[in-house]
Each structure stands twice: as C-alpha cells, then as structure tokens.
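One-letter residues, chain by chain:
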Amino acid sequence: MTTPNIPTRYAIVAPCRDEAAFMRRTLDSLLNQTVQPSLLIVVDDGSTDDTPRILAEYQAKMPYLRVLTRTDRGKRAVGPGVIEAFYAGLDTINTDEFDFIVKLDLDLDLPNRYFEIMCERMAAEPRLGTCSGKPYFPHPSTGQLVSEGCGDEMSVGMIKFYRVECFKQIGGFVREVMWDGIDCHRCRMLGWIAASWDEPDIRFTHLRPMGSSQQSIWKGRTRHGFGQWFMGTTFSYMTASAIFRLPKHPVLIGGLAMWWGYVKSALTAKPRYNDLEFRTFLRAYQRDALIHGKAAATKSLNERQASRWNPKSEGTQRNTEESRGNTEG
C-alpha cells in the first residue's frame with residue numbers, strides 16, 4: 001500500500017464514444033487499483049454501441065462512478081472534441097476537493113499499482129505537475145507488446161495525471177489536436193516538471209495504439225503532423241522527429257505521414273497556437289534538444305525554470321478556443 005499521509009484524492013474524467021470493445025478491461029483495471037479513485041466521471045459522448053449498457057452495469061460495482069451522457073454529434077471527434085467532452089465532465093466538479101485530476105481514455109489496461117505509484121511520485125517531487133507511465137500496444141501481427149516510444153519529458157495523452165494546482169496554472173488543455181503536448185511545455189514554462197517513466201509497474205497496454213485514428217494509421221499520423229504545426233514546432237525538429245520514427249511501427253509510413261501532415265499544414269497556412277511567448281519557448285527548447293539531445297535539454301531547462309515555480313500563484317484562463325487562429329510562423 002501507499003506510504004501513509006501522502007495525498008491520494010484523485011478524480012478521473014474519462015471522455016468516451018463507442019468504447020464497448022475495450023472499456024471493460026479499463027474499468028476492471030480501475031476496480032483492481034490499490035488506491036481507488038475518489039470519483040470517476042465517464043462522459044459518454046453520444047455512443048451508439050453497448051457503451052451505455054456496460055456503464056450501467058459497472059455503476060453497480062463502482063460507487064464512485066458517475067455517467068454524463070451527451071447528445072450524439074453524429075461522428076467521432078478527436079482532439080478538440082475529446083477535450084470538449086472532458087470539460088463537460090470536469091465542469092461538474094469542484095477541483096479543490098481533490099489533490100489530482102486525471103484525464104483517462106477507456107481503451108487502456110492498467111497495472112494494479114498504477115495510481116498508487118503516481119501519487120507517490122507526486123509526493124516525492126513537489127515540482128512534478130503531470131506524469132504518467134508508458135503505453136505499449138499489441139503488435140497486429142505477433143501480438144507482442146510494443147512501446148509507443150513516448151518521450152520522458154511528457155505525460156501521455158491517454159492518461160494524464162495532474163496535480164490540481166498545476167492544471168489550474170497552465171489554464172488546462174487547449175481544444176486542439178496537440179493539447180497533450182502543449183500542456184507539458186506550458187508546465188515547464190511555469191517551472192513545473194512533466195515526466196513519464198518506462199517501468200514495469202506503471203507500463204500499461206493501449207488497446208487502440210496512439211495515432212492509429214478511427215480511420216487509418218495514415219490519417220492518425222498526418223493529424224499528429226498537423227498538431228505539431230499548430231503547436232509551433234520548427235521544420236528542422238519535425239523532420240528529425242519523422243526520421244527517428246521511420247524504423248518504428250508502422251515502419252516508414254508512420255514517420256512519413258507525420259512529416260507530410262506538418263508540411264501540408266504549412267503549405268496551406270493552417271492556423272497556429274496563438275501564443276508567441278509559448279512558441280518562442282518551445283523553439284528554444286527544440287533547438288537545444290537537436291544540439292544536445294532531448295534528455296540533456298529537458299534536464300537543463302527544468303533546472304533553469306526552477307526559479308519560475310510558484311505553486312500558489314493563480315492560474316491562467318488562456319487555453320481556450322481564443323488560442324486558435326494565428327497563421328504566423
């Protein structure tokens with residue numbers, strides 16, 4: 001069990017749509033957690049499969065489970081649609097009643113001590129604002145679990161574990177595809193630390209691989225490329241990232257699709273995140289990462305930003321739809 005007297009009150013908000021194929025494994029893994037959530041809000045974003053029936057079944061097993069049903073918009077909506085559903089659930093609670101807020105996808109299988117360890121990591125490092133374990137997915141041919149290759153400087157989007165004070169300070173999530181990258185960089189801007197660890201006790205199975213999209217791998221990875229463009233990533237950093245991804249599953253296609261999604265967005269002057277200070281901060285970090293390596297660049301940045309850290313300062317309200325629409329480079 002957890003070390004006594006560490007904060008463990010966490011509320012989960014789980015947006016979902018048509019997750020009947022996966023959600024039982026996720027909900028069962030929550031039932032098996034050594035530290036149970038104080039509250040679980042599942043936002044059913046217009047499911048047309050057995051999702052509502054399964055949720056009703058689990059409400060009998062989970063006294064902390066609430067279900068919020070939204071009107072069917074007629075299609076699945078990733079990125080901004082997921083975050084709109086997340087906020088529909090978050091807006092029903094008082095975050096001050098919890099130590100941590102979790103954004104969770106219902107297509108994961110979590111190890112039993114996952115949330116216990118997240119709470120312990122937060123207690124051990126006061127500057128840690130958001131964290132996660134690492135996702136692995138079953139290879140479509142062999143069934144072997146394969147790492148999704150997420151960087152250590154990010155908490156992963158399918159299971160964001162946030163200290164409430166940090167979440168408020170960064171202004172929450174932007175309502176765009178790269179919401180799960182922008183948030184971690186905004187953490188570092190304010191002196192917080194974002195991290196993930198590849199350790200057996202906190203590795204989890206992602207039953208639907210990141211970037212696979214409900215349509216195709218190509219569609220999902222080109223969307224990621226647009227997200228990098230929107231966030232403000234430089235062409236040189238995007239190209240290096242795409243090359244790094246070429247030998248990883250799906251071989252060649254994944255890296256090429258990401259790069260094309262970025263380039264196509266640039267050629268068509270897609271909007272960028274309307275925060276020049278953020279984009280300047282991001283590009284300086286990416287430049288250091290290309291020169292010194294991502295681990296060294298992140299360590300150096302976290303050390304420099306320590307003086308900015310003030311957990312008691314008020315949050316920002318900037319991460320709204322008003323952050324969209326800038327087409328400058």
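Above this text sits the structure in question.
Residues numbered from 1 in each chain as written. Predicted model: local features only at pLDDT ≥ 70, side-chain atom pairs only at ≥ 80, totals over all residues. Heavy atoms only, no water.

Participant: How should I be thinking about the pattern of salt bridges in this particular structure?
Facilitator: Note on pairing: side chains with opposite charge can pair once their charged atoms come close. Applying the stated criterion to the full structure yields 21 salt bridges. Put simply, Arg-9 and Asp-99 hold a salt bridge, and the shortest N to O gap is 3.0 Å. With a gap of 90 residues between them, Arg-9 in the segment before strand E1 (10–16) and Asp-99 in the loop between helix H3 (80–90) and strand E4 (100–104) connect regions that are remote in the sequence. Exposure remark for Arg-9: the relative accessible area of 39% places this residue in the partly exposed category. Between Arg-25 and Asp-109 there is a salt bridge, and its shortest N-O distance comes to 2.9 Å. Of the two residues, Arg-25 sits in helix H1 (residues 23–31) while Asp-109 sits in strand E5 (residues 108–109), which places them 84 residues apart along the sequence. Given a relative accessible area of 42%, Arg-25 falls into the partly exposed group. (Salt bridge = Lys/Arg side-chain N within 4 Å of Asp/Glu carboxyl O. Helix = DSSP H or I, 4+ residues; strand = E, 2+ residues; numbered from the N terminus. Buried < 20%, exposed > 50% of the residue type's maximum accessible area, 1.4 Å probe, protein only.)

Participant: Sorry, what's going on with the packing of helix H8 (residues 235–245) against helix H10 (residues 276–292) here?
Facilitator: Any two packed helices are characterised by the angle at which their axes cross and by the distance between the axes. One way to put it is that H8 packs onto H10 with a least axis distance of 10 Å and a crossing angle of 50°. One element, H8, and the other, H10, form an angle in the oblique class. The way H8 lies across H10 gives a crossing that is left-handed. Residues Ser-236, Tyr-237 and Ala-240 of H8 pack against Gln-286, Ala-289 and Leu-290 of H10. (Axes fitted to C-alpha atoms, helices over the stretch in contact; angles between N-to-C directions. Parallel < 35°, antiparallel > 145°, perpendicular 65-115°, else oblique. Left-handed = near helix turned anticlockwise from the far one by under 90°. Contact = heavy atoms within 4.5 Å.)

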